[in-house]
Amino acid sequence: MNGEIEFPNATDASELRKAFRSKIVPLLVFLSVLGSAVLISLPEAALGTCGNGVVDKFEQCEDGNLNNGDGCSSLCQTEGDDFPVTVYTANDPPPTPALGELPLLTKITQHGITWTFSSPVRVGRFVNGDYYVAGEATIVDVQPLPTQTNGQHGSMLNIKPNIQRSGFDSRIQAGRYDSSLRVYPPITLTPGNKLVSSRSAAKGTNLPCVMRPYDTSESPVASISILTSVAAPQPLDAYRPSYAQGSASSYLSRNLKRQLLPRLPPVQHVPPLSEFEGYLKRPWVDSVFFSFDVPAEYMACYGRENAYLMSFAGLLLTLDLTPEQKEPLLVYLVQYGIDLYGLVEQGHTGWQAHGGHGSGRKLPIILAGLMLNEQKMKSVQAKFGEDMQTLWVSETPPAGTYTKSWHTKPETVVYGGHVGINGESVKQGWGPYEHLAPSAWKNTLGESYRRCCTSVGWVGEMLTAQLIPGMREVWNHPQFFSYVDRWMISPDDPGDLETIQRATGMTVDADFMQGQSWKILSGGGYHKPHHTFVDEMWAAYRNTPPPPPSGKAMSWVPLLLDD
């Protein structure tokens, strides 16, 4: 036809109409579909005009080209580890890239870990900066190089809940290392797979503990990066699914209920947002108890510091900062909550009371639930140290026998012991004890940990949950709130301290007394610039009503010790 449309020989209108229907209509339909396909595939249809030299809507950068590897990707997203977190809203949601718009890459490097593919793959990024591959991908090399003999820089595929083992590094203590959990290239990822790769600390090196820099972490793992395989490109505001095996729930940052966050005038000593963004930016892998394999460059090495860090991060989110200022920390903290909930959802029993080890995990889960309005997160069922170690006196065994504690000023809420209410079945003296006079205590383990390693870390967590509307209700353990109030509001009675000393020989140092959130650590020289932040926030906002969130009224009911 040489580009011309041929008509049959026809002399009447009916024949011409038949010819039109048989030739013209199919052609117009074809051109219409083709035009739509072309429009959808153009970057400017979804993400502005990437490559035009102007940073358009939903673009993070613009260098005037569509090249990758030059700091600004072909999707006009910032390349490298300094990935900016953007505020996305449901009123103006970001687009989902077409497959052909995703950068086509042969390798990815993130936080010192490099994955190399057998052939180029389409690569995207979640809202927190973690990478994904769209479709199947085969990894032929991981650097730093994991080998069968060096036992370091290990990768695991789809972390299994509750196995309490890790393949990251053969130096992991207490029999927690399991070489069978390690995977080596070639590694084929299919949609739903998550490759969790670690970079080990140098041999003979113990990294300083986060927020406790004069002590060293027991973990030989330095950093962790996660590569996820998804079936199709993700919206720009998609969170990474939890690294837990089988967890597939996806969430969008456009749905964050940012209006729930108060905007309180700052106190005198406010730590920088950037510090806590730095701690939470990389994945907190938290499946092995006692923190034996945590990424020590940025993750707390003990539950007390975990609770401190959650306290600081949570309270920073209640200050009078713009949504843009809060967004990175909010996104990172919600991602940690998603990761933890993914473990619980797949059968992880939680982070039980064991001295200070079990603290700091409930807050990020229920914060994520509130911010995303996800009921299953808000009603999470698992073991948490804060709840297991705070009891009504009437709950102590035999239940209902005791109505008040032994103190000069009797208390109705007490510390639940080293591992909670059932501690006596584990070891004598590990259960509740504060309802009894010190002369009846089996040892001073509970009282030591009550003062050194638990109560002090809970203050900021409780205050965060008290200040964010609805958070105390979904926490759903009023004993925790009453106990923290008791710790902060009821100073130690000198007569009680004398009774403890006379009956047990235990002398309570001033740095371990009630009424403080941080002094125990400031006395040890730990992070002195921040040691007053939680105390100042408590003094400013615990017993006086804070101003309501911008544009909204907020009811305020002071929490009394006996409520």
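Residues numbered from 1 in each chain as written. Predicted model: local features only at pLDDT ≥ 70, side-chain atom pairs only at ≥ 80, totals over all residues. Heavy atoms only, no water.

(A) Geometry of the pattern of salt bridges. Applying the stated criterion across every chain, the model contains 25 salt bridges. The salt bridge involving K281 is made with D82; its shortest N-O contact spans 4.0 Å. Taken together, the residues K281 in the loop between α3 (273–280) and α4 (303–316) and D82 in the loop between α2 (43–47) and β1 (104–110) connect sequence positions 199 residues apart. Between K362 and D387 there is a salt bridge whose closest N-O contact spans 2.5 Å. Pair noted here: K362 is in helix α6 (residues 362–372) and D387 is in helix α8 (residues 385–388), with a separation of 25 residues, a long-range link. By relative accessible area, K362 is classed as buried at 5%. (Salt bridge = Lys/Arg side-chain N within 4 Å of Asp/Glu carboxyl O. Helix = DSSP H or I, 4+ residues; strand = E, 2+ residues; numbered from the N terminus. Buried < 20%, exposed > 50% of the residue type's maximum accessible area, 1.4 Å probe, protein only.)

(B) The arrangement of the packing of helix α5 (residues 323–345) against α6 in detail. Following both chains from N to C, one finds α5 and α6 inclined at 110°, their axes separated by 7 Å at the closest point. On the basis of the axis angle, α5 is roughly perpendicular to α6. Remark: the crossing between α5 and α6 carries left-handed chirality. On the side of α5, the interface is formed by L330, L333, V334, Y336, G337, I338, L340 and Y341, while α6 contributes P364, I365, L367, A368, M371 and L372. Partitioned by chemical class, the residues of the contact of α5 with α6 number 13 nonpolar, one polar and no charged. (Axes fitted to C-alpha atoms, helices over the stretch in contact; angles between N-to-C directions. Parallel < 35°, antiparallel > 145°, perpendicular 65-115°, else oblique. Left-handed = near helix turned anticlockwise from the far one by under 90°. Contact = heavy atoms within 4.5 Å. Nonpolar A, V, L, I, M, F, W, Y, C, P; charged D, E, K, R; others polar.)

(C) A look at the state of the cysteines. Scanning the entire structure with this criterion turns up four disulfides. Shown here is the disulfide that connects C50 with C76, its sulfur atoms set 2.1 Å apart. Around the S-S axis, the bridge from C50 to C76 shows a dihedral of about 95° and counts as right-handed. In this pair, C50 sits in the loop between α2 and β1 while C76 sits in the loop between α2 and β1, placing the two residues 26 residues apart along the sequence. Judged by its relative accessible area of 9%, C50 falls in the buried class. (Disulfide = S-S within 2.5 Å.)

(D) Molecular detail of empty space enclosed by the protein. Under the criterion given, the structure shown has three cavities of 30 Å³ or more. There is about 60 Å³ of room inside the largest cavity. As for the largest cavity, its lining consists of N128, R240, L280, K281, R282, P283, W284, Y332, Q335, Y336 and D339. Among the elements that line the lining of the largest cavity, the one with the most residues is α5, at four residues. For the lining of the largest cavity, the per-class residue count stands at five nonpolar, two polar and four charged. (1 Å grid on protein atoms, 1.4 Å probe; cavity = no way out; pocket = protein on both sides within 12 Å on 5 of 7 lines; lining within 4 Å. Points joined across faces, edges and corners; volume = space filled by probe spheres on them.)

(E) Fine view of the environment of Y336. Of note, Y336 is situated in helix α5. The spacing of Y336 and V285 is 51 residues in sequence and 8.6 Å in space, taken between C-alpha atoms. Non-local contacts of Y336, meaning those with residues more than four positions away in its chain, are made with W284, D286, N306, M310, G360, R361 and P364.

(F) Local environment of the nonpolar core. Within the largest apolar cluster, 108 residues are counted, with the highest numbers of intra-cluster contacts made by W284 and M537. For this core, the element with the highest residue contribution is α5, accounting for 12 residues. Not counting residues within four places of it along the chain, the set of residues in contact with M537 comprises L264, V267, L315, T318, L319, L463, L467 and R542. Formed by 16 residues, the second largest nonpolar core is a distinct cluster that contains L105, I108, Y131 and V142. (Core = buried A, V, L, I, M, F, W, Y, C linked by side-chain atoms within 4.5 Å.)

(G) Broad picture of the environment of G314. Positionally, G314 belongs in helix α4. Along the backbone, G314 and L333 are 19 residues apart, and their C-alpha atoms lie at a distance of 8.5 Å.

(H) Looking closely at unusual backbone geometry. Residue Q143 is joined to P144 through a cis peptide bond whose omega torsion reads 0°. Looking at the element boundaries, P144 is found in the loop between β4 (137–143) and β5 (155–157). Within the chain, H153 stands out as a residue other than glycine whose phi angle is a positive 50°. Among the structural elements, H153 can be located in the loop between β4 and β5. By relative accessible area, which is 14% here, H153 ends up buried.

(I) Summary view of the confidence of the model for the chain. Mean pLDDT over the chain: 88, with 86% of residues reaching 70 or higher. Between residues 1–46, whose pLDDT stays under 50, and residues either more than four places distant or in other chains, the model counts 24 contacts. (pLDDT = per-residue confidence, 0-100.)

(J) Highlighting the side chain of R451. Here R451 lies in helix α9 (residues 445–467). With a relative accessible area of 2%, R451 lands in the buried category. A distance of 2.8 Å separates the side chain of R451 from the side chain of D492, its partner in a polar contact. (Polar contact = N/O pair within 3.5 Å; in protein donor to acceptor, adjacent residues only side chain to side chain.)

(K) The arrangement of the packing of α4 against α9 in detail. At a minimum axis distance of 8 Å, the contact between α4 and α9 shows a crossing angle of 25°. Taken together, the axes of α4 and α9 are roughly parallel relative to one another. In this structure, α4 meets α9 at a crossing whose hand is left-handed. Together, R304, A307, Y308, M310, S311, G314 and L315 of α4 and C452, C453, V456, G457, G460, E461, L463, T464 and L467 of α9 make up the contact between the two elements. Here the contact of α4 with α9 is built from residues that sort into nine nonpolar, five polar and two charged.

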